Amino acid sequence: KMPYIPTMRQFTVISRRKRVVVGMSGGVDSSVSALLLIQQGYEVIGVHMNNWDPLDELLDSKEVACSGERDWRDVKIVCERLKISSHRLDLSKQYWHDVFVPTIEAYSNGNTPNPDSLCNHRIKFGAFREQISSRFGADYMATGHYAKLSKYSNKNTSRLYSATDKAKDQSYFL
């Protein structure tokens, strides 16, 4: 008896959807980004960056200045509604050493630093990007920033431009 050999039509090719990790703040912009990516067919994972340890604050009251716990609660609610997983990355040590200390040193030297710019460069597009790639196998990373991207036709790269709506543009920040 001849062995059974299936034809190509009988094989089903299963390809993994591209995985996007969305840096979730708990706000509207990153939540909408996650929703739009889901609607486009991506596998979306919500990840919240914990960049500050409230124990580092020297406040007389029990109220902390940073709303990290409230933001994390909002991220979990949004991710649950979108039916995606939510995760939290503790980047507070990196933030302290790579953003907070240099900012204080710059002020001490009479300079006017931009801690948000340092955070984007060293934390969001540094430590965060590295960790989501290794921990979650992310193909892409997304945030809620509003800007315009244009792909090069002959390369697999994109270029960042000012958004069409100048009132909402956040490209300068990226």
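Let us look at the structure shown here. (Residues numbered from 1 in each chain as written. Predicted model: local features only at pLDDT ≥ 70, side-chain atom pairs only at ≥ 80, totals over all residues. Heavy atoms only, no water.)

1. A word on the packing of aromatic side chains
Each aromatic ring pair is described using two quantities: the centre-to-centre distance and the angle formed by the ring planes.
And step 1. Across all of its chains, the model carries five aromatic pairs by this definition.
And step 2. A ring pair is formed by W52 and Y95, whose centres lie 6.2 Å apart and whose planes are at 85°; its orientation type is edge-to-face. Of this pair, W52 sits in the loop between β2 (43–50) and α2 (68–82) while Y95 sits in helix α3 (residues 92–108); the two residues are 43 residues apart in sequence, bridging distant segments of the chain.
And step 3. By relative accessible area, which is 17% here, W52 ends up buried.
And step 4. The class for Y95 is buried, based on a relative accessible area of 17%.
And step 5. Members of the aromatic cluster, connected to one another through ring pairs, are W52, Y95, W96 and F100.
And step 6. For the cation-ring pair, K168 lies above Y146, with the distance from its terminal atom to the ring centre recorded as 6.0 Å. (Phe/Tyr/Trp six-rings, centres within 6.5 Å; stacked < 30°, edge-to-face > 60°. Helix = DSSP H or I, 4+ residues; strand = E, 2+ residues; numbered from the N terminus. Buried < 20%, exposed > 50% of the residue type's maximum accessible area, 1.4 Å probe, protein only. Lys NZ or Arg CZ within 6 Å of the ring centre and 35° of its normal.)

2. Examining a nonpolar patch on the surface
And step 1. A surface patch of nonpolar side chains, amounting to about 340 Å² of accessible area, comprises F125, L149, L160 and L174.
And step 2. You can call L149 exposed: its relative accessible area is 61%. (Patch = residues over 30% accessible without salt bridge, like charges linked within 9 Å, V, L, I, M, F, W, Y side chains within 5 Å. Areas by Shrake-Rupley, 256 points an atom, 1.4 Å probe, with all protein chains shown as cover. Salt bridge = Lys/Arg side-chain N within 4 Å of Asp/Glu carboxyl O.)

3. Topic: the pattern of salt bridges
And step 1. One pass over the structure, following the stated rule, counts two salt bridges.
And step 2. The residue R19 makes a salt bridge to E43 at a minimum N-O spacing of 3.2 Å. Of this pair, R19 sits in strand β1 (residues 19–23) while E43 is found in strand β2, placing the two residues 24 residues apart along the sequence.
And step 3. A relative accessible area of 22% means that E43 is categorised as partly exposed.
And step 4. Notably, a salt bridge pairs R88 with E69, separated by 2.8 Å at the nearest N-O pair. You can see R88 sitting in strand β3 (residues 86–90) and its partner E69 sitting in helix α2, a full 19 residues away along the chain.

4. Section: α2
And step 1. Between the first and last C-alpha of α2 there are 21 Å, a value that for 15 residues agrees with the 21 Å anticipated at 1.5 Å per step.
And step 2. Here α2 has its buried residues at G68, W72, V75, V78, C79 and L82. End-on view of α2: buried residues confined to an arc of 125°, all on one side of the axis. Exposed residues pointing more than 90 degrees away from the buried face of α2 are listed as E69, E80 and R81.
And step 3. As for α2, its buried residues are in contact with α1 (28–39), β2 and β3.
And step 4. Once α2 ends, the next one or two residues include K83, with phi positive near 60°. (Expected span 1.5 Å × (residues − 1). Arc of directions from axis to C-beta. Contact = heavy atoms within 4.5 Å.)

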